[in-house]
Amino acid sequence: MEQLLAFSKGPLFRLTFAVMVLGLARVLILDLLEIFRAYYRAGDKTVPWGQVITRSIEWLVPVRLVFKRRPVYSLFSMLFHVGLLLVPIFLYAHVQLWRDDLGFGIPTLPYAWAYGLTVLTIFAAAALIIGRILNRTSSFLSRKQDYLWPIVLLIPFVTGFVCAHMGVSASAYRFFMLMHVLSAELIFVLIPFTKIAHCVLMPLSQVVANVAWKFPPETDDKVCTTLNKKGAPV
Amino acid sequence: MSLAILTDVTKCIGCLECVAACKKENNLNMDVPREWQKMDGLSARNWTSVLHKPDNHNIRKQCRHCLEPACASACPVGALHTTPEGAVVYDNSKCLGCRYCMMACPYGIPRYDWDESVPYVRKCILCYDRIKEGKQPACTEACPTQATIFGKREDLIKVAHQRIKENPDLYINKVWGEHEIGGTSVLYISDIDLGFLSYQPELGTKALPRTTAPAMNAVPFAFVGMGAVMYGINWVIKRRMNNGQETGKEGNDGTDE
Amino acid sequence: MVQMNRVQAVKTVLWSILGLTAAVGLTRFIFGLGATTNLSDATPWGLWIGFDVLSGVALAAGGFVITALFYVMRREEFHDFVKPAVLTAFLGYIAVVVGLLFDLGLPWNIWHMIIFWNPHSPLFEVGWCVMLYTTVLLLEFSPVPLEEFSRYAKIRTFLMKFRFPLILLGIMLSTLHQSSLGSLFLIMPFKLHPLWYSNILPVQFFVSAVALGFMMVIFESLVSHWLYIKDSETERIAKLGFIAAWVLFVYFLLRIGDIAFSGELGMIFTGTWEANLFIVEMLISVILPFIIFVVPRLRYNRKLQWVGSIMVVFGMVFNRINVGGLTMIRATGDIYLPSWMEIIVSMGVVSGAVLVFMFAIEKFHIWEERPRHPESNPYAPAAFDRSSGAWLGSPLLAASTRYSLAFVFAFAVGFALIPDNKIHSEGMDDIPVTRARGADTLFVDGNLNNFGVAFDHKKHEELTREGQACATCHHMNIPLDKNSGCWECHKKMFTVTDVFNHDWHASAGGAAIACDECHTPGQQRRAESAKNCEDCHRDLRVENTPIEVKAYLAPSYTDALHDICVACHLKKAVELADKPDLGLCPTCHGGETPENRRELYKYGQAARSLKPVVLPQVKKPE
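Conventions we followed
- In this convention, every chain numbers its residues from 1, walking through the sequence in written order.
- Key to labels: chains lettered from A, ligands numbered from 1, both in the order written.
- Local features in this predicted model are restricted to residues of pLDDT 70 or higher, and side-chain atom pairs are both shown and tallied only at a pLDDT of 80 or more, whereas totals for entire chains, interfaces and linings draw on every residue.
- Hydrogens are left out, water is left out, and the side-chain values use all remaining heavy atoms of the structure.
- Here a strand is any run of E in DSSP of at least two residues, a helix any run of H or I of at least four, and the numbering for each starts at the N terminus.
- The cut-offs for exposure are 20% and 50% of the maximum accessible area for each residue type, with area from a 1.4 Å probe on protein chains only; residues under the lower value are buried, those over the upper are exposed, and the others partly exposed.
- Pairing of aromatic rings covers Phe, Tyr and Trp, the last through its six-membered ring, and needs centres within 6.5 Å; plane angles under 30 degrees mean stacked, over 60 mean edge-to-face, and all others mean tilted.
- Residue types Ala, Val, Leu, Ile, Met, Phe, Trp, Tyr and Cys, when buried and joined through side-chain atoms within 4.5 Å, form a set referred to as a nonpolar core.
- In what follows, residue pairs with any heavy atoms lying within 4.5 Å of each other are defined as contacts.
- Once two parts are joined, some of their accessible surface, as seen by a 1.4 Å probe, is lost; buried area is that loss totalled over both.
- When a carboxyl oxygen of Asp or Glu lies within 4 Å of a side-chain nitrogen of Lys or Arg, that pair is called a salt bridge.
- Counted as a polar contact is a pair of N or O atoms within 3.5 Å, where, for protein atoms, one must be capable of donating a hydrogen and the other of accepting one, and residues adjacent in sequence contribute only when both atoms are in side chains.
- Note: two strands are recorded as paired if DSSP finds a minimum of 2 bridges between them.
- A residue's pLDDT is the predictor's confidence in that residue, given on a scale from 0 to 100.
- Gly counts as polar in this scheme, as do all residues outside two lists: the nonpolar Ala, Val, Leu, Ile, Met, Phe, Trp, Tyr, Cys and Pro, and the charged Asp, Glu, Lys and Arg.
- Note on method: axes are straight lines fitted to C-alpha atoms, helices fitted across the in-contact stretch only, with angles between N-to-C directions ranging 0 to 180 degrees.
- For classification, angles of less than 35 degrees are called roughly parallel, those exceeding 145 degrees roughly antiparallel, those between 65 and 115 degrees roughly perpendicular, and all remaining angles oblique.
- It is the rotation of the near helix from the far one that decides the hand of a crossing: anticlockwise by less than a right angle makes it left-handed, clockwise makes it right-handed.

1. Considerations on the overall build of chain B
Item 1. The secondary structure content of chain B amounts to eight helices and nine strands.
Item 2. Split into buried and exposed, the 257 residues of chain B put 60% on the buried side.

2. Looking at the packing of aromatic side chains
Pairs of aromatic rings are described using the distance from one ring centre to the other and the angle between the two planes.
Item 1. Applying the stated rule across the entire model yields 34 aromatic pairs over all chains.
Item 2. For the pair tryptophan 117 of chain C and phenylalanine 124 of chain C, a centre-to-centre distance of 5.5 Å together with 50 degrees between the ring planes defines the contact as tilted.
Item 3. By relative accessible area, which is 7% here, phenylalanine 124 of chain C ends up buried.
Item 4. Residues phenylalanine 242 of chain C and tryptophan 246 of chain C carry aromatic rings whose centres are separated by 6.4 Å and whose planes lie at 80 degrees to one another, so their mutual orientation is edge-to-face. Taken together, the residues phenylalanine 242 of chain C and tryptophan 246 of chain C, both in helix α12 (residues 234-261) and four residues apart, mark about one turn of the helix.
Item 5. A residue is classified by how much of its surface remains accessible, and phenylalanine 242 of chain C, at 32% relative accessible area, is partly exposed.
Item 6. Tryptophan 246 of chain C gets classed as partly exposed once you look at its relative accessible area, which sits at 39%.
Item 7. The rings of Phe13, Phe17, Trp98 and Phe188 of chain A are connected pair by pair, giving a single aromatic cluster.

3. Side note on the nonpolar core
Item 1. Counting residues in hydrophobic clusters, the biggest one holds 164 residues, and the most contacted among them are Tyr100 of chain B together with Ile66, Phe185, Phe214, Leu240 and Ile366 of chain C.
Item 2. The dominant element in this core, judged by the number of residues it contributes, is helix α11 (residues 201-227) of chain C, at 16 residues.
Item 3. Setting aside anything within four residues of it in sequence, one finds phenylalanine 185 of chain C in contact with Tyr100 of chain B together with Trp45, Leu54, Leu192, Tyr197, Leu201, Val323, Gly324 and Met328 of chain C.

4. Here we look at the interface of chain B and chain C
Item 1. Facing 80 residues of chain B, the contacting portion of chain C comprises 91 residues.
Item 2. A combined buried area of about 7,900 Å² lies between chain B and chain C, and 65% of that area is made up of carbon and sulfur atoms.
Item 3. A salt bridge links arginine 99 of chain B to aspartate 103 of chain C; the nearest nitrogen and oxygen atoms lie 2.8 Å apart.
Item 4. For the pair chain B and chain C, the number of links is 22 residue pairs in polar contact (both at pLDDT 80 or more).
Item 5. For the side of chain B that touches chain C, the elements supplying multiple residues, two or more each, are α1 (17-25), α2 (70-74), α3 (100-104), β6 (111-112), α7 (209-217) and α8 (219-245) of chain B.
Item 6. Ranked by residue count, the leading element in the side of chain B that touches chain C is α8 of chain B, at twelve residues.

5. Description of the sheet that holds strand β2 (residues 441-444) of chain C
All names here are of chain C.
Item 1. As summarised here, the arrangement of the three strands in space is β1-β2-β3, forming an open sheet in which the pairing is antiparallel. Edge strands, defined here as strands with exactly one partner in the open sheet, are β1 (437-438) and β3 (453-456).
Item 2. When β2 meets β3, the two strands line up antiparallel, connected through four bridges. Residue pairing for β3: threonine 441 is matched across the bridge by aspartate 456.

6. Some thoughts on the confidence of the model for chain A
Item 1. In this model, chain A carries a mean pLDDT of 81, and residues with pLDDT of at least 70 account for 88%.
Item 2. Helix α4 (residues 63-67) of chain A is the least confidently modelled element of chain A, averaging 64 in pLDDT, while helix α10 (residues 170-190) of chain A averages 89, the highest of any element.

7. Thoughts on α1 of chain B
Side chains of residues three or four places apart in an α-helix project in the same direction, reflecting 3.6 residues per turn.
Item 1. Among the residues of α1 of chain B, Glu17, Cys18, Val19, Ala21, Cys22 and Lys23 of chain B are the ones counted as buried.
Item 2. Backbone geometry just downstream of α1 of chain B places asparagine 27 of chain B in the positive-phi region, at approximately 55 degrees.

8. Looking at the interface of chain C and chain A
Quite often, the size of an interface is put as the accessible area lost when its parts meet.
Item 1. With 32 residues of chain C at the interface, the matching set in chain A holds 30 residues.
Item 2. When chain C packs against chain A, the two sides together hide about 2,600 Å² of surface, and 63% of this comes from carbon and sulfur.
Item 3. Applying the counting rule to chain C against chain A returns zero salt bridges.
Item 4. Run the count over chain C and chain A and you get five residue pairs in polar contact (both at pLDDT 80 or more).
Item 5. Of all elements in the fold, only α18 (395-417), α19 (420-425), α22 (502-506) and α23 (515-518) of chain C reach the threshold of two or more residues within the side of chain C that touches chain A.
Item 6. It is α18 of chain C that contributes the most residues to the side of chain C that touches chain A, 13 residues altogether.
Item 7. Tallied by class, the residues present in the side of chain C that touches chain A amount to 18 nonpolar, nine polar and five charged.

9. Considering the packing of helix α5 (residues 71-90) of chain A against helix α7 (residues 111-134) of chain A
Residue and element names in this part refer to chain A.
Item 1. Running from N to C, α5 and α7 cross one another at 140 degrees; their axes reach a closest spacing of 8 Å. With respect to their mutual orientation, α5 and α7 come out oblique. As for how α5 packs across α7, the hand of that crossing is left-handed. Only Leu117, Thr118, Leu120, Thr121, Ala124, Ala125, Ala127, Leu128, Gly131 and Arg132 of α7 make contact with α5, whose side of the interface consists of Tyr73, Phe76, Ser77, Leu79, Phe80, Gly83, Leu84, Leu86 and Val87.

10. So, the confidence of the model for chain B
Residues and elements named next belong to chain B.
Item 1. Mean pLDDT over chain B: 87, with 94% of residues reaching 70 or higher.
Item 2. Between the elements of chain B, mean pLDDT differs from a low of 82, seen in strand β2 (residues 49-53), to a high of 94, seen in strand β7 (residues 121-122).
Item 3. Ignoring residues within four places in sequence, the model shows residues 248-257, a span with pLDDT below 50, making 15 contacts including any to other chains.

This is the structure in structure tokens:
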């Protein structure tokens, strides 16, 4: 187990971390490429950039936009995302690992904050799953992975919480730490290839919508003409 | 004014004072065995060392400061060059890190900062800053037994021969560095053979830059000659083709259009 | 469809190699040459010079020999070889420069050759010629891509006007630097084996480069035609091979003649490994290919064309590597084997060049008939994933999806494989310390290299008796021990030892202590929030010892001993008027007289090797 832990903290971590970082860069570049291609081929080349930017910011900070409709769900979603980003990146123990290896680190979360945010994230994820099941529209649209993802994302949080805040025996600590590292690495590998890739693709979605899914006013007629059904209702 | 160091192997007691003085003078860091070092004590942070040989022979090893240095002639940017005082010094602002000097040195002296991401070539520079001021190098100053002394090269050669003449039973009748590969500014007299200080026991008296000189001198002739030959061949063939095709179609104009 | 699979499979492999190279290259530029290569002070030139530069330049000779044959000698039948050969040469030179950037210690100074001149140096001349020739090749080749863009037609016609002078200049420059690569080694008669060292090394390099140039054109034609499933020009290849065979013959005469001239012909059959290496090299680089391309029946055999050209390509690369370092082992005594990272970078540089070559073949008018390729065809049907049937996007997108995936995964694998111990040790040998031997007089020689100190333990004991006795030096009582010896904690000769074994304390097989038993619950678990060692190990520190224990990291053996001894000696040197030399190195190391030194040696076992001297530049533990 010691060796497995050492391996997963060393080479396996580097492998999965590189897959995540480069994989995200890759999907971003491929997405941009396809956007440019679509833009190049588009008949109408005007893109409402101002609108795209405001919309993107609105979606990034969905206070105004979403709170109107499902305030509780959005609140939990917000909390979940905040915890998901802040805790792994600014956790003292994680930064210390970087510091040991690279010689520099970033400011860290205070102990109490880390504790609180971890608990909050776990509860928010639970609430999100329940909300997804209870809401008819959501559950109709959901795929299996939509239920699975919050659970998978929770594994490192729960195991990390056990390791960091609960005084467990030495052997139990090892086990939970191994689970913590391995589950996090599984997530790293999956991020660029699943819907979690929205962490970098999100800002592009508005551009995609405006470049690729834009129909000029006379589109209806043209389609009908092509289909030999001129004048038929669309 | 060619300055030099004469090391008398019979007088060296292996106290390493010269090594310590060199370290201090040149601000060299502590050294530890690294996997890329040669086992002769020299390294990027040790510019001089003392080899201990059987029967209490201690031989000081350092850059030989050749009169016609192979390293300086090899360096493509002239980062290594000989000063009027005879020291072969290194200008790290010119260096591009090709390490040809390390390949070219017949004594295997220059060392490299392999562990640095901005590495330089390192070797003894005969304490150039000191000898410019008229002082002697740190190592000769530190030597407690006068085993390694500093002075004008001609004087030191005389001293060396004088010592050999006075004590012919002790010394081997040879001043290492007097003629070898064109002469060096670091001379040795010894009671044992010092062939192990270089890659080959006998290096001859021809300076190494002179081995490349014929090839380098031939460069302009090769350049112009090749051009002339090629142009000539082309002219002949073109003419022949035009002659042969005068009655027929027009000759190819040389493009692939 | 088969055709595309072959091209795409090759491209996927090449992109994977590039991914590995990127990971290794990053490490090389961040941590330096020592962390990634097996180069050493004894072997400062390795694979990157022997293969990437020496062989790379020779492999790119096809450009100038084919242009000489076609434009100067007017051998019209070789027309189809010209454009690919010039392209190969151009990419080859770019690859050489990129390979050189990896190898140079200060690659950002590569332009220094332009302003700092040393015309005596063959390398200076090579550098200039490579720069100029690469520019010439760019000008020679640029009409081909410019053909695609009608707005640049004027530039193209302008360049076409200067085609013949450019080609002449290219040939002249090639003559110079192909031969000057040989001149590089003229300065090392003391290193290079006599079977390879020769005064006409430049001429040999030039002639072999000409032969290799022809063979490389053949090889490149065979490979690219195999890749894009096209019939290759067996007949023209045979003709080209025939010319090359006679150049090889000239090269053979030059090699053997030179050896005979210097009277070393007997050396070939002495049976030393260098002699056998020479025989193997001559067989695969000259003799066998000469037979293949001279005998008419063999010459027209497609399979033998493959064999012959591959033999020359490998044989000449072998020759360059032999001259570039392999046969110097006898003189340097250092056996160099390239590390896997060096090999990966060399492969990556070639892969990059091949990818650009394939791109150019697909995009530009290099062959009479362009290879049909779905990636370059905007109207090709979209690709679908075979297993899921999912739409993969346009053919270009589908292809780039695949290649980028290969790149990403290969990069990750390379990143994971980087040996972190090699980077963190900074090349420091991890030498375990052996305890001092002896009784009243100890021979302190932790790494057993016989260069140590004869330490009169009894005398020092008596000297300090009035004070704290043992505690003066022995400052720790490690568990189950009292006044522990130096080597118990300072376990490594030159590197720091972690004395507190956290893993052991926390493991079930060790002390099996739960986290909260040491670390205060409700706080960050760090060293500061944990109990002190002395909370459990009551008498860890020796009482009244003047030595302060500050951290859980024990300094290296040499640092620790120098720290204790030198500090005290310096103090005593001032106090005791009759012993002013107490603070000097020879007092302990070596002593003033030859007899004293011999005394030192008496204690040692057989000398293993002479290691560098470590001087008492006392480093304080952090």
